[in-house]
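Residue-level structural notes
What follows is the residue order along each chain.
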Amino acid sequence: MTTEYFKKSKIFRSYSSPGYINNVKAQYMKLKKNITGIIDDLAGLFFPRICCACCEVLHKHEEVLCTLCLYRLPRTNFHMLADNSVSRLFWGKVQVFQATAFFIFSKGSHYQKLIHQLKYRGKKEVGYYLGRIFGNDLKESKDYRNIDMVIPVPLHPGKQKKRGFNQSEIIAEGIAFSLNVNVNVSSLFRKINNETQTRKTKFDRWNNVKEIFGVKNEELLENKHILLVDDVVTTGATLESCVNTLLMVKNIKVSIATLAAA
Ligand SMILES: [Zn+2]
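Residues numbered from 1 in each chain as written. Predicted model: local features only at pLDDT ≥ 70, side-chain atom pairs only at ≥ 80, totals over all residues.

**Description of the nonpolar core**
Core analysis: the largest hydrophobic core is formed by 56 residues, its most contacted members being Leu130, Val150, Ile175, Leu228 and Val229. Broken down by secondary-structure element, the contributors of at least two residues to this core are β1 (99–104), α5 (110–119), α6 (124–138), β2 (149–152), α9 (167–179), β6 (225–233), α11 (237–246) and β7 (253–261). (Core = buried A, V, L, I, M, F, W, Y, C linked by C-beta atoms within 7 Å. Buried ≥ 20, exposed ≤ 12 C-beta atoms within 10 Å, placed from the backbone. Helix = DSSP H or I, 4+ residues; strand = E, 2+ residues; numbered from the N terminus.)

**Re the environment of Met248**
Residue position: Met248 is located in the loop between α11 and β7. Sequence-wise, Met248 and Val215 are 33 residues apart; in three dimensions their C-alpha atoms are separated by 8.4 Å.

**Topic: the packing of α6 against α9**
Across the interface, α6 lies against α9 with an axial gap of 7 Å and an inter-helix angle of 40°. Here α6 lies oblique to α9, going by the angle between them. Seen from above, α6 lies across α9 with right-handed handedness. Residue-level contacts link Lys124, Gly127, Tyr128, Tyr129, Leu130, Gly131, Arg132, Phe134, Gly135, Asn136 and Leu138 of α6 to Gln167, Ile170, Ile171, Ala172, Glu173, Gly174, Ile175, Phe177, Ser178 and Leu179 of α9. Grouping the constituent residues of the contact of α6 with α9 by class yields 11 nonpolar, seven polar and three charged. (Axes fitted to C-alpha atoms, helices over the stretch in contact; angles between N-to-C directions. Parallel < 35°, antiparallel > 145°, perpendicular 65-115°, else oblique. Left-handed = near helix turned anticlockwise from the far one by under 90°. Contact = placed C-beta atoms within 7 Å. Nonpolar A, V, L, I, M, F, W, Y, C, P; charged D, E, K, R; others polar.)

**Observations regarding the pairing of β1**
Among the six residues that make up β1, five are buried, leaving the element largely enclosed by the rest of the structure. When β1 meets β7, the two strands line up parallel, connected through five bridges. Looking at the pairing, Phe103 lines up with Ala260 of β7. (Pairing = 2+ DSSP bridges.)

Right, dumping it as structure tokens:
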């Protein structure tokens, strides 16, 4: 049988028709989907995904937190309340437009574990996921709806290299995704590392946070409403230092959002 003869044959025409090829493609995609599903189920059996707060096994549709932990998350809703315990930290010290924290945790609680998983266990998905939900909440408030840019509190470059990432940047990315704005990591930078200050007195700490940040590419921030993002707020000293640096930029407005308040 010559090639020409074969190409004219009924068999060749039926097997090379668009209908037949599309049918094979559809069958292949269906099989691929089934196999992927089986692999996912097997992986789930041997390496179950667990809730980052209570450690219960997650259902297929759940992400990072189980439905119950998500429901019970102690949200502050401070974004709907200008006078709140986070904004009060900055009163009389530095001009902050609005300040909020997503949730409050007490020491040793399920929800403190979330910060720990992100910061020390490298579980970036925790920060990004919570940042996304936080961002959706922030959109409810007219004060946060007009944010132009999100800036994470920077780590010292040495520290970031050691940890591999900046936890605040991950949270900032989640928030920025929901607010549909960009994250800026090039303008605000940390000049000195003041992270090891746990043994210092409160007075030393306040002195220590002065002049630790710097700002460059200022033109990117001029006339903008910036949302400054950190993982946890306690005394607010580090955030205050950041805001002081940012306020050197012409006609800038700064608000603050942290994932947690301790
Ligand atoms: Zn849970």
